Amino acid sequence: MPLLWQDDQLAAEELRARGHSVEPLIWNSPGALEALNAFEVCVVRNPWDWFHHRSAFRSFLESLRDVRCRVVNDVETLIAFADKTYLARL
């Protein structure tokens, strides 16, 4: 979804109103990881199709450790949620 979900659009509008630049980035688009290096901050919001591409998404998440921008989401938490390993702790 290159235009963001409705709730993401609201968040983006608020951030823009506060003077921030917001640009959606599709996690599995060509060059996505390299593109992240042009940003100061990354927030992982709605990777809606990740479960169709589990191994690629896991690789993407692990690669977030190496981008230059600050990733707001804790990468270990993202991986645990994607792997569903947190369920055993519940």
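Residues numbered from 1 in each chain as written. Predicted model: local features only at pLDDT ≥ 70, side-chain atom pairs only at ≥ 80, totals over all residues. Heavy atoms only, no water.

A. Spotlight on the state of the cysteines. Counted according to the given criterion, the structure contains zero disulfides. Its sulfur unpaired, C42 is 5.1 Å from the next cysteine sulfur, which belongs to C69. According to the relative accessible area criterion, C42 is buried, its value standing at 10%. (Disulfide = S-S within 2.5 Å. Buried < 20%, exposed > 50% of the residue type's maximum accessible area, 1.4 Å probe, protein only.)

B. Inspection of helix α1 (residues 6-17) at higher detail. The first and last C-alpha atoms of α1 sit 17 Å apart over twelve residues, in line with the 16 Å expected at 1.5 Å per residue. Of the residues one or two after α1, G19 is the one with positive phi, at around 95°. (Helix = DSSP H or I, 4+ residues; strand = E, 2+ residues; numbered from the N terminus. Expected span 1.5 Å × (residues − 1).)

C. Region of interest: the packing of aromatic side chains. Evaluation of the coordinates by the stated rule reveals five aromatic pairs. Seen in terms of ring centroids, W50 and F51 are 6.1 Å apart; in terms of plane orientation they differ by 90°. Their pairing is edge-to-face. Its relative accessible area of 16% is what places W50 among the buried residues. An angle of 20° between the planes, with centres 6.3 Å apart, marks the rings of F57 and F60 as stacked. A residue pair is termed a helical-turn pair when its members lie 3 or 4 positions apart in one helix, as F57 and F60 do in helix α3 (residues 54-63) at three residues. When sorted by exposure, F57 lands in the same class as F60, which is buried. An aromatic cluster is present here, built from W27, W50, F51, F57 and F60 joined pairwise through their rings. (Phe/Tyr/Trp six-rings, centres within 6.5 Å; stacked < 30°, edge-to-face > 60°.)

D. How the structure looks around the confidence of the model for the protein. For the protein, per-residue confidence averages 89 on the pLDDT scale, and residues scoring 70 or more make up 97% of the total. Taken element by element, the predicted model of the protein shows its lowest mean pLDDT in α1 (88) and its highest in strand β2 (residues 70-71) (96). (pLDDT = per-residue confidence, 0-100.)

E. Structural detail: the nonpolar core. Counting residues in each nonpolar core, the largest one holds 16 residues, and the members touching the most others are L36, C42, F57, F60, L61 and L64. For this core, the elements supplying multiple residues, two or more each, are α3 and α4 (75-83). Examining the composition of this core, we find that four residues originate from one element, α4, more than from any other. Among all residues touching F60, those that are not within four sequence positions of it are W27 and L33. (Core = buried A, V, L, I, M, F, W, Y, C linked by side-chain atoms within 4.5 Å. Contact = heavy atoms within 4.5 Å.)

F. Region of the structure containing the side chain of D8. Locating D8 in the fold gives a position in helix α1. The exposure class of D8 is buried, given its relative accessible area of 5%. A polar side-chain atom of D8 sits 2.5 Å from a polar atom in the side chain of R45. Side chain to side chain, D8 and N46 meet in a polar contact 2.4 Å long. With residues up to four places along the chain from it excluded, the contact list for D8 reads R45 and N46. (Polar contact = N/O pair within 3.5 Å; in protein donor to acceptor, adjacent residues only side chain to side chain.)

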